[in-house]
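Spelled out, the chains give:
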Amino acid sequence: TRMGLSLMTYGKAKSCYMKTCECPHVLACDDDQFQHFYYQTLFSTSVDFDDEKSKASQIKYDFEFSGRELVNKYEKYHACNCHKPFLAITDYDMGADDISGVATAKNLREKGFQGPIILRTAEKIEEVAKAHPEIHSYLESGVITHFLNKSEISKGKNLIKSYLSFIRNSIRPKESVRMTL
């Protein structure tokens with residue numbers, strides 16, 4: 001599957017990504033404050049508080065309100081050379097003054113991001129394709145790993161939680177991490 005391939009490919013990253021640093025494991029951007037709350041809730045409920053490894057290997061997140069902010073933050077984190085973040089999630093439409101989620105994904109790839117990129121939107125793919133005909137080729141080539149409609153709540157939760165599980169299992173238990181808001 002596409003997710004399995006992207007996890008296997010990304011899982012081959014150099015082992016130095018394990019070093020302790022301040023970089024987040026997940027970058028997410030959306031201009032809607034409620035979506036930030038959605039991610040915070042989803043991420044925090046994916047922790048098994050009875051599992052010692054889960055407690056010791058919490059995932060760090062960074063939430064931005066625009067695609068430009070997300071790309072700028074990624075450049076900063078990429079300079080750390082820790083090989084994090086693992087996952088990027090971007091909204092499609094972040095207002096007229098910002099770049100689209102499609103452009104955000106393209107910019108992240110151009111800057112060297114190798115992890116999965118999830119494009120979440122309220123729009124249907126046909127609507128996105130009218131403004132961005134390249135969306136289909138981006139999905140086929142892996143520039144964008146997944147296209148999720150925000151109405152597909154269960155599918156989205158399951159997909160994101162599976163990536164969080166992969167990330168959590170990739171973190172050493174002694175790594176000290178915290179949530180970045």
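Every value quoted in this text rests on a predicted model; they were computed, and no experiment measured them. (Residues numbered from 1 in each chain as written. Predicted model: local features only at pLDDT ≥ 70, side-chain atom pairs only at ≥ 80, totals over all residues. Heavy atoms only, no water.)

**Considerations on the sheet that holds strand 4 (residues 117–121)**
Read from one edge to the other, the open sheet built from 5 strands follows the order 2-1-3-4-5, with strand pairing classed as parallel. The strands lining the two open edges of the sheet, one partner per strand, are strand 2 (61–64) and strand 5 (146–149). The average angle at which neighbouring strand axes cross in this sheet is 15 degrees, direction not considered. Summarising the sheet, strand 1 (residues 26–29) and strand 3 (residues 87–91) pair through 4 bridges and their orientation is parallel. Counted as the bridge partner of valine 26 is leucine 87 from strand 3. Its contacts with the sheet place helix 4 (residues 67–78) against strand 1 and strand 2, and it is angled at close to 160 degrees to strand 1. Set on the sheet, helix 8 (residues 153–170) makes contact with strand 1, strand 2, strand 3, strand 4 and strand 5; between it and strand 5 the angle comes to about 140 degrees. (Pairing = 2+ DSSP bridges. Helix = DSSP H or I, 4+ residues; strand = E, 2+ residues; numbered from the N terminus. Axes fitted to C-alpha atoms, helices over the stretch in contact; angles between N-to-C directions. Contact = heavy atoms within 4.5 Å.)

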